[in-house]
Structures are given as structure tokens and as C-alpha cells.
Amino acid sequence: MDATRRVTAVLGPTNTGKTHHAIERMLSHRTGVIGLPLRLLAREVYDRIVAKVGPSVVALVTGEERIVPDRTQYWVCTTEAMPLEIGADFVAVDEIQLCADADRGHVFTDRLLRARGLNETLFLGSDTMRGAIAGLVPHVTFLKRDRMSTLKYAGSKKISRMPERSAIVGFSVENVYAIAELIRRQKGGCAVVMGALSPRTRNAQVALYQNGDVDYLVATDAIGMGLNLDIKHVAFSATAKFDGRRMRALYPQELAQIAGRAGRHTEDGTFGVTGEVRPFDEETVEAIETHRFQPVKKLHWRNESLDFGSAERLIRSLEEPTYNDWLTRARDADDLLALKALSALPEVQDRLTEPKRVQLLWDVCRIPDFRSSTGPEHTTLLTRIFEFLVGRGLGGGRIPSDWLATAIKRIDKTEGDIDTLSRRLAYIRTWTYVTQRKNWVEDESHWREETRAVEDRLSDALHAALTQRFVDRRTSVLLRRLKQKEALVAEVNDKGEVTVEGEFAGKLEGFRFKQDASATPDAARTLAQAAIQALKPEFHLRADRFYNAPDTELDFTEQGGLMWGTNAVGKLVKGTEPAKPTVEAFVDEEAGPEVVEKVRRRLQHFIDRKVAAQFEPLLNMSRDETLTGLARGFAFRLTEAMGVLPREQVAAEVKELDQDARGALRKHGVRFGQFTIFLPALLKPAPTRLRLVLWSLWNGLQEFPESPPPGLVTIPNVQEVPKMHYTLAGYHPAGARAIRIDMLERLADILRQKDSRAGFEATPDMLSITGMTLDQFADLMGGLGYKGEKAERPKVKAEVAKTPEISEEAAAAIAAGVPIPEEVSILAPVAEPEPEAAPEMEAFYTFTWAPKPRHPRPERGPRPERKEGAPRGDRPQGERPQGDRPRREGQGDRPKHDRPKGDRPKGDFKGKPNRDDRQKSFEARPPRPEKPIDPDNPFAALLALKGKV
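Residues numbered from 1 in each chain as written. Predicted model: local features only at pLDDT ≥ 70, side-chain atom pairs only at ≥ 80, totals over all residues. Heavy atoms only, no water.

Novice: Hey, could you run me through the overall build of the chain in this one?
Specialist: Across its full length, the chain holds 30 helices and 34 strands. Within the chain, buried positions represent 44% of all 949 residues. Long-range contacts, defined here as pairs at least 24 residues apart, represent 68% of the contacts in the chain between residues at least 6 apart. By element, 50% of the accessible surface of the chain is carried by carbon and sulfur atoms, the whole surface being about 51,400 Å². (Helix = DSSP H or I, 4+ residues; strand = E, 2+ residues; numbered from the N terminus. Buried < 20%, exposed > 50% of the residue type's maximum accessible area, 1.4 Å probe, protein only. Contact = heavy atoms within 4.5 Å. Areas by Shrake-Rupley, 256 points an atom, 1.4 Å probe, with all protein chains shown as cover.)

Novice: How should I be thinking about the sheet that holds strand β25 (residues 567–577) in this particular structure?
Specialist: Pairing between sheet strands relies on hydrogen bonds along the backbone, with the strands arranged either parallel or antiparallel. The antiparallel open sheet is built from four strands, whose spatial order is β23-β24-β25-β26. For this open sheet the edge positions go to β23 (554–556) and β26 (580–585), each flanked by a neighbour on one side alone. Taken over all neighbouring pairs, the strand axes of this sheet differ in orientation by 30° on average, direction set aside. As paired strands, β23 and strand β24 (residues 561–564) are joined by three bridges and run antiparallel to one another. Within β24, the position partnered with D555 by the bridge is M563. Across the sheet, helix α24 (residues 685–698) lies against β23, β25 and β26, angled at about 65° from β25, the strand it touches most. (Pairing = 2+ DSSP bridges. Axes fitted to C-alpha atoms, helices over the stretch in contact; angles between N-to-C directions.)

Novice: Before we go on, may I ask you to explain the sheet that holds strand β8 (residues 140–144) in this structure?
Specialist: Taken in spatial order, the eight strands make up an open sheet running β4-β3-β5-β2-β6-β7-β1-β8, and their pairing is mixed. In the strand order of this sheet, the two ends are held by β4 (66–67) and β8, each with one partner. As judged from the five bridges shared by strand β2 (residues 32–36) and strand β5 (residues 74–78), these two strands associate in the parallel manner. By the bridge assignment for β5, I34 is matched with V76. Taken strand by strand, helix α2 (residues 39–53) contacts β2, β3 (58–61), β4 and β5, and its axis lies near 170° from that of β3.

Novice: Please clarify how the pattern of salt bridges should be interpreted in this entry.
Specialist: Pairing is possible between side chains of opposite charge, provided their charged atoms come close. Going through the model one piece at a time under the given rule, you end up with 53 salt bridges. The closest approach of N and O atoms between E120 and R25, which form a salt bridge, is 2.8 Å. Residue E120 is located in strand β7 (residues 120–125), and its partner R25 is located in helix α1 (residues 18–27); the two are separated by 95 residues in the primary sequence. The salt bridge involving D742 is made with R740; its shortest N-O contact spans 2.9 Å. For D742, a relative accessible area of 22% gives the class partly exposed. (Salt bridge = Lys/Arg side-chain N within 4 Å of Asp/Glu carboxyl O.)

Novice: Quick question: what am I supposed to make of the nonpolar core here?
Specialist: The nonpolar side chains of a soluble globular protein tend to be buried with one another. Ranked by size, the top nonpolar core spans 64 residues in total, and within it L339, I385 and W431 carry the most contacts. Among all residues touching I385, those that are not within four sequence positions of it are V364, I367, I399, W431 and V434. Grouped together as the second largest cluster of nonpolar side chains are 62 residues, W564, V587, L638 and L682 included. (Core = buried A, V, L, I, M, F, W, Y, C linked by side-chain atoms within 4.5 Å.)

Novice: Got a minute to help me understand helix α3 (residues 105–114) in this structure?
Specialist: Think of an α-helix as turning once every 3.6 residues; residues three or four places apart then point the same way. For α3, the tally of buried residues reaches eight of 10 residues, placing the bulk of the element in the interior. Looking only at α3, the buried set comprises G105, H106, V107, F108, T109, D110, R111 and L112. Its buried side turned inward, α3 meets β6 (90–93), β7, α4 (130–136), β17 (299–301) and β18 (327–329).

Novice: Looking at this model, I keep getting lost on the packing of helix α12 (residues 355–365) against helix α13 (residues 377–390). Mind explaining?
Specialist: Relative orientation and spacing of two packed helices are given, respectively, by the angle between their axes and the distance between those axes. For the pair α12 and α13, interaxial distance at closest approach is 10 Å and the crossing angle is 145°. Viewed along their axes, α12 and α13 form a crossing whose handedness is right-handed. Facing α12, whose interface residues are R357, L360, L361, V364 and C365, α13 presents L382, I385, F386, L389 and V390. Residue composition of the contact of α12 with α13, by class: nine nonpolar, no polar and one charged. (Left-handed = near helix turned anticlockwise from the far one by under 90°. Nonpolar A, V, L, I, M, F, W, Y, C, P; charged D, E, K, R; others polar.)

Novice: Got a minute to help me understand helix α19 (residues 593–614) in this structure?
Specialist: If you check α19, its first and last C-alpha atoms are 32 Å apart, about what 22 residues at 1.5 Å a residue would give, namely 32 Å. Buried within α19 are the following residues: V595, V599, R602, L603, Q604, F606, I607 and V611. (Expected span 1.5 Å × (residues − 1).)

Novice: How do you make sense of the packing of aromatic side chains when you look at a structure like this?
Specialist: Each pair of aromatic rings is reported with the distance of its centres and the angle of its planes. Using the criterion set out here, one finds 17 aromatic pairs in the structure. Summarising the aromatic geometry, the rings of Y153 and F280 are spaced 5.8 Å apart at their centres and angled 35° between planes, so their arrangement reads as tilted. Of this pair, Y153 sits in strand β9 (residues 151–156) while F280 is found in the loop between β16 (269–273) and α8 (282–290), placing the two residues 127 residues apart along the sequence. A relative accessible area of 23% places Y153 in the partly exposed class. With a relative accessible area of 13%, F280 lands in the buried category. Taking the centre distance of 6.0 Å and the plane angle of 15° together, the rings of F511 and W564 count as stacked. Linking F511 in the loop between β21 (503–509) and β22 (512–515) with W564 in strand β24, this pair joins segments that are 53 residues apart in sequence. Judged by relative accessible area, which is 0%, F511 ranks as buried. Judged by relative accessible area, which is 14%, W564 ranks as buried. A cation over a ring is seen here: R165 above Y209, with NZ or CZ 3.9 Å from the ring centre. Stacked on the ring of Y177, the Lys or Arg R469 has its end atom at 5.4 Å from the ring centre. (Phe/Tyr/Trp six-rings, centres within 6.5 Å; stacked < 30°, edge-to-face > 60°. Lys NZ or Arg CZ within 6 Å of the ring centre and 35° of its normal.)

Novice: Any chance you could explain a negative patch on the surface here in plain terms?
Specialist: A grouping of D281, E282, E283 and E286 is seen on the molecular surface, where their side chains present a negatively charged patch. As for its position among the elements, E286 is in helix α8. (Patch = residues over 30% accessible without salt bridge, like charges linked within 9 Å, V, L, I, M, F, W, Y side chains within 5 Å. Lys, Arg positive; Asp, Glu negative; His and termini not counted. Charge placed at Lys NZ, Arg CZ, Asp CG, Glu CD.)

Novice: Looking at this structure, how should I read the environment of L337?
Specialist: As for its placement among the helices and strands, L337 is situated in helix α10 (residues 334–343). Looking at L337, the relative accessible area reads 40%, which means it is partly exposed. Through-space distance from the C-alpha of L337 to that of R366 is 10.0 Å; in sequence the pair is 29 residues apart. The residues contacting L337, other than those within four sequence positions of it, are R245 and D332.

Novice: I'm lost on the side chain of T770 in this one. Help?
Specialist: Counting through the fold element by element, T770 comes out in helix α27 (residues 764–770). Residue classification places T770 among the buried positions, given a relative accessible area of 2%. Residues in contact with T770, not counting those within four places in the same chain, are V713, T714, I739, L747, F777 and L780.

Novice: Please explain the pairing of strand β20 (residues 497–500) as it appears in this structure.
Specialist: Side chains of β20 alternate between two faces, with V498 and V500 buried and E497 and T499 left unburied. In this structure, β20 lies alongside β21, joined through four bridges in antiparallel fashion. Looking at β21, one finds that E497 is bridged to K507.

Novice: Help me out: how do you make sense of the pairing of β21 in this one?
Specialist: Two elements, β21 and β22, share four bridges in a ladder whose sense is antiparallel. Looking at the pairing, K507 lines up with K514 of β22. In textbook terms, the turn of a hairpin is the stretch between consecutive antiparallel strands, and for β21 and β22 this stretch comprises two residues, one of which, G510, has a positive phi near 70°.

Novice: Help me out: how do you make sense of the environment of M841 in this one?
Specialist: Of note, M841 is situated in strand β34 (residues 841–849). Ignoring anything within four residues of it in the chain, the contact list for M841 reads E792, R793, P794 and K795.

Novice: Explain the side chain of H732 here, please?
Specialist: On the secondary structure map, H732 appears in strand β31 (residues 731–734). Taking relative accessible area as the criterion, H732 reaches 13% and is therefore assigned buried. If near-sequence neighbours (up to four positions away) are discounted, H732 is found in contact with F675, K723, R737, A738, I739, I741, L744 and L784.

Novice: How should I be thinking about unusual backbone geometry in this particular structure?
Specialist: Trans is the prevailing form of peptide bonds, just as negative phi is the prevailing case for residues other than glycine. The backbone of N15 sits at a positive phi, close to 60°, despite the residue not being glycine. Mapping N15 onto the fold places it in the loop between β1 (6–11) and α1. A positive phi angle, close to 65°, is found at N439, a residue other than glycine. Within the fold, N439 resides in the loop between α15 (418–436) and α16 (444–470).

Novice: Can you help me understand the confidence of the model for the chain in this one?
Specialist: For the chain, mean pLDDT is 83; residues scoring 70 or higher make up 82% of the total. Ignoring residues within four places in sequence, the model shows residues 856–861, a span with pLDDT below 50, making zero contacts including any to other chains. Across residues 869–925 the pLDDT falls below 50, and counting only partners more than four positions away or on other chains, this stretch makes 75 contacts in the model. (pLDDT = per-residue confidence, 0-100.)

Novice: Is there a simple way to think about the environment of G188 in this case?
Specialist: When you line up the elements, G188 lands in the loop between α5 (173–187) and β11 (191–193). Classification of G188 by relative accessible area gives buried; the value is 0%. Each C-alpha atom, one on G188 and one on V214, is 7.4 Å from the other, the two residues being 26 residues apart in sequence.

As C-alpha cells, this is what we get:
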């Protein structure tokens, strides 16, 4: 062989610098071509060569990408796209051991047999190819290269214990995504590399890993083909893959090709397994570590001399067998299967009239199925493209621009999840491949740029989606800072948001740090440590601001919480008395005891002042030392009830109170109502809200009743709600509604002046007080012990005075300004009355006192007959509770024995009886001692004159 056309096989394991050697050799020649197994690797090598010699002399040719400058000297291609007819000085084929691959092996075998440089040819690959190359390539020179570093087996490791700078390898998209999601939660994130990614997306993902933003890489076996990454450990999450036909276990040499990515240059690497994968056996481990494998015995081959006479002859030429001992006919590839499917279609057969059309059909069938579509979808697309290209002439047609534009427009959308974007990328790769074919589309440069732009946009969107899903930048930054042993910088802004190294860590709510729940467990501890360090001075500053804050910035909730603005800073705790609660501060332990005590004291001051302000009349009454005896005891009962007592609960105590005791209590604002004893000042919304909270706290309720909205006279009466809750809220249940206590007493004052035995009707004042309709008022009265009988009557309308009308003659005389003649009648004749319409009816109720007995009364004997003239005595009128009668102008409190007997009002009197005509009653007890006249009584002067006149 001529020394100027030498062929050299550079063989050895991974990390031996074979690709670097080939690049250096190619650049030493004037022209050169290098074929690489992956589009990703081709792009990487292209970038390396461009960095050395510039882009003007370097071409990149792949199935979907074509960059060919006018002065091209060096061609970087995928193996399938290598130009063999240009006569380059140098030719190199990388990963030549793929000649044994069942799918693409025939392409690499063809390059091994036919690709030659004018001066030098290099075949790069595994040492397992030595025998096959020696048997097929005459006069070849072998150059063995040893691995630069050591590769060791590290056994099985859990992903949670995976060392940094590790690559986890999976063999399906689902497996890769699942592992990436797990690493994100446990380690802060990872980069994702798959063969289906576009070079732009793959480079962006690799940059995340290479720059140290993430320390983990999840990839398919695509990383085994020459991608140079800074990997220290390779872990296999599976040892079997689907090869397009079936699931099979990976061969040891395939495992070694991937594991060899660990370690770079002189830095040693390790490999192992993870997840549920069984550890490697000793033989496999030894083979990978020593790089000794069974030599390749057979190379896949397909006839390169094709017959385009007809579709049948083309298929026969592709299926031609080989008789070389080193070669075996490759199984039917996707392009051959597509050719068989299309050539069987009648519409395609009718167009195969010339060899050029058969060759065109073969070119169409070689369009890769990037979408991995099943069924006739890919075949239908190829048929449509072939019909466009055949056109009317001899293969002179073009794919219509409007049809192509519509197809690309459907794909050009950057929204969607990872799977959607991946599918769109696969679709655009089909059109990228189509536009790279010569004379297939009009305005080739435009459509090549258009498809490339769409691919770039989709690639960027996919990279962003992958990063958003599988990379927690915050955790990655924190872990990198900790790894570098740097102090973490944490800050707290005005809104209480805590950032660590610029990443959101959580929020300071009051005096408690609420950490961001989205942090991974590993990052959560780091975030907490860094955040607490930043929050220590912030706790003290915030405690000082809180201690000096006015009471207007603090408030309590209806469930006993204590708020500072919108932040919960504590809660009320049951104290020694109902009106003396204590507080519990919500402060993180890391803030320190000083902050806790300062917050607690401020909260205690707030609630003490709040109780003193809202319950001032009640507290003044409890501290009044002039109250003695029964009055003091009753004041204590009223203080315990926080200013509101149902009268039925203290009926006996009320009866025992004399007028002096009642007067002393009235000075403090106590009102003895017919239904409730209360302090009107404590029925306002603010004291009511506080009373409900303190009472619920004192009684240990789990859920506190809430006060009604202010301003409502009545509210619904819910049967499930205890009556005491309504009383504390300032309402009295009656029927379907509960009426406000003070308004009920106003109503009771009016009702006492009505004759409840004979019956009475509701007045507008009654309805105005309650704000009810007549039917609602009847239901309320029923709840108060009255019986209402409904009836109807004609509605009385007010009489309208009619103005006499002037006759027409009188009106004309007045208008003319002349006197009205005597014979002219001034008044107009009276019109005949219209027939009366049916009277309008109105409903009304008649109310009588008819309380329901609460307990069955015992049987009584016959009532003794009362002699004529004998006093009537007391007669029970039902269980109607008694309150203080309304005092008319100028009337004071009358002594109890001077009040008229009986529990029911006697009705209205038309005339006032003579005092001397009254019958005198006699009592069998000594007369009561005269009491001194109260100087504060407005009627003191009249009482002093009593008996002197």
C-alpha cells in the first residue's frame, strides 16, 4: 500500500483521547472529513474545531443541520451524512465498534470498507474490533491507546447517598424523568441529557452540570458516545434496554462504554448500580475494569450497490446476502420497511415509471421517523411527500410552501409541558431533515432558517421546562455555597420575606419563621440554619418595635388569638378570673428568652387595658365598697356573668333586693329588665365581642361563638346554638328570631301598658322597635309568651276633603272680569257617586298573655269563697317575669308594698278613682320602720311634706 494513503485503527477504551487525536490529525491536513455516531457529538466536535480555525472553513452536516461555508476545508458529520465523493485528504470514523450494532451497524461497516482519505484514514473505537478490522482492511496499522485514569467498581448506592458529580443512566424517558424528579427533591436538581434532545437543549443542560449549578446528571446511553463531561461516578438504574425489537440485557462492552464516562483525563472514576438493579457479578466487573471483552465476530452489512430499475429490484438489491465470513446481512432497517410499505401502494406504484423516480422514492423512505410513530402515520406522511416531489414532471416537483408553512405553524408553539415540547421537537426535526434535502422545497435557504429558528425556540422552551421541573436553583446554590465552605448571606425585607443568597427561604410571620415548604429535605436544614442566623438580630429589632407599638396595631380574634397587624403573635389563656386572662406568646425558641418575655409582657398589657376599657362600668361596680349585703352579692353575680344575666336565673335574688339596693346598682348603670338584668354600656359591639371570647376561654370551649354583626336588631334563632350564647351576645331568643336585649326591654315597656287579658293589637311603635313585619312580630310575641289570633278587616282609608268645584258659567264670568249674575249658580252640579268597590282587607293580630307552663302545677283543692268587700289579695297571672315598670315623668321608684298587686297590668283606666274610695287592706305584721329620705331622690322635698299638709 502506498504510504501516502495509510490506514490506522486507533483502538482503546474510553478516556484515551482518541477523538482529540483524530481532530489534531485532521487539522494537520488541508482538507478532512470526520464521521461521528451522534448529532450531539458532531455538534460538540464542530464547536471545538471552530474555536481553533474559525467558522469560515468548517462545515457541519447532519440529517437535520447543514452549515456549509463557501471555503469549507473540514467536514464534521454524522456517520450517515459523510460525503465520500469529495476526495478529502483525511477521513476519520469514530466509534467504529458500532459496526456490530443491529440497527445502524451496516452504515459503519460501509464506512469501514469504503471511506478513505487521500492521505490518511483513521478508525477510532474499541479494541474488540481489532480482528474484524484486520480481516477486512488490508495493510492497516493498529495504534493502541491506554486509559488515562483508573475505573473502579463502587457497588450499589442509593440515590440519596449518591456522591456529587455523578451521572445516573436510564434507558427510557419515563425512567429518566422519575430519577430526575427524585434527585430534585433530595439533592436540589439535576441536568437531563437524552439523544432525542436537540443540540441546543442538550448543550444548555450540559452547561448546568458543567458550571456546577447542579451536581447530578441523568442521561440515557447517549453519554456513552464520546461526550466529554466532568463525571466522577456513573450509576446504572437499569441494565436492560429496548433495542427496537425486544428488551435485552446490555453486553459488558456496552456497560463499559457508558461506565467509561466516569473519570476524565488523569482523574480516576467509579461505576456502580442504584435502585433495584442487582450488583454486577465479578466477571462483569473485572471485564469493565480491565477493558477486556470478547472480540467482535460479525459485522452488520447491507449491499451498497443498489438497483433502481424498479421498486422490486431495489428491494432485492438491499436484501442481497453476503458471503464474507466477517459480515452478516443486516436486518430490515426502518428505511427498507418504509420502502416495502410505500411500493405496495397503488398510488405510488403508478408513479414509479422511471429509475429516477425509484431513487426518489428511496430518498423519501430514508427520512427518519423522529416521532417514533406507530401504524400508518409515518407511511402516510412519506406518501404525501413523495407525491409532492414527483409532481408532473420527472421528479421535478416541490413541496408546496403553503402546505409546509401550515405544518410548521402547528408546531411553532412554545407553551406546554415537557412531553408536549419534546413531541414538537421531534416533528420539527422531520421538517428540518426535509428542508436539508436538495431541490425538495422552494427557497431552500428560507425554509432551512425557518425550521432552524423553530427548533431553537422549542429547544429553549424545553430547556426551561426541564430546568423548572428538575432543578431547584435555590437548593443548588445553597449546597454549592456549603460545599465551598462559604458563609451564607441572609436578608429580611420589609414584608418579612427571608432570602438566603438571594433565594427565597421563607417568611417571618410575627415572631415565627415559616420556612418555604417547597424546599427539599436536605435544603430545608440548610435554609433553616442560614435563615435563623439572619433572623437573630431581626427578632430583637422586631420585639422592640412591637413593645412600643400602640394598641391600635394590636387586636384579638374571636377565637382568642392575638394579632399584630396581620400576624399572629400569641393567644389568650385562661386565668384566675374570667376577666383576667393570661397570654401565650408565639415566638421561635431561636429568638431567645428575652424576646419571648418582651412579647409576652406587651401582649399582657394590651389585653389588660382592653378589658379595663371595655368593662369599665362592670369593674367600677365590683370595686365599689359602698355596695353591701345583697347588693354586693348581686354585683358579684353580675360581674361573673360579664354584665348580662337572664332574669329567670336570679329571680329570687331580684325579689330580695329592696329599692335602696336597686338604686345603688342603678347608679352603676344596671338595668333590671323584664327578661334580662344588664348594663346597657356592655351591649355595644366591642364589649360584646370581648365578653364572648373571655366567657368561652373561661369555660374551656374548643370553638368560640362569634358575635353577630353590629347594628342588627334581630338575628336567626338556631336551635343548635345554646341560649347562653345568645344572651352573652346581647340577644334573647324568641320564636324563629332572637331580639336584642335592650330593644326587647323597650318593647316590654310598651307591652306592660296594654291590656293583655282583653287583647291588644301591634302598634307601629312595636313594629318599628323590632324592624319586623307583622307576621314576624307575631312569631316573636309567641316566643315571649303571647298568643296571637290572626283576623282580617276592611282597611280604613283616610277621608280626603273635597274642594267644591266652580260651575262653567261662573268660571267664564271670573275670567272676563265681570260680576257673576245672580241667576248663575256658582257651584257646579254634584256628580253622581260612583258605585263603591269591594273594600280592601288588611290582616291584624290580637295578642293575649298565654305563657306556656314550664313545669306541671300540682293539683289544688277548691278555692275558698271570698266574702264581699274582702281584699282580693294576690292572684297568680301566669309566669310572666316582672321587671321595673316604666317611670312616667316626675315619678320616682315607689316602694315595693305600694305597687299594685298581681303580675299582669290592669289595663288603661278612663277615670282616676278617688283615693278615699279605695278599700283598705290590713296586714298581720307590725308597720315597717320609717326610712331616712334619700337626699338624691328628686322627690325628697315632697316626701318631707308628707303628713304635714
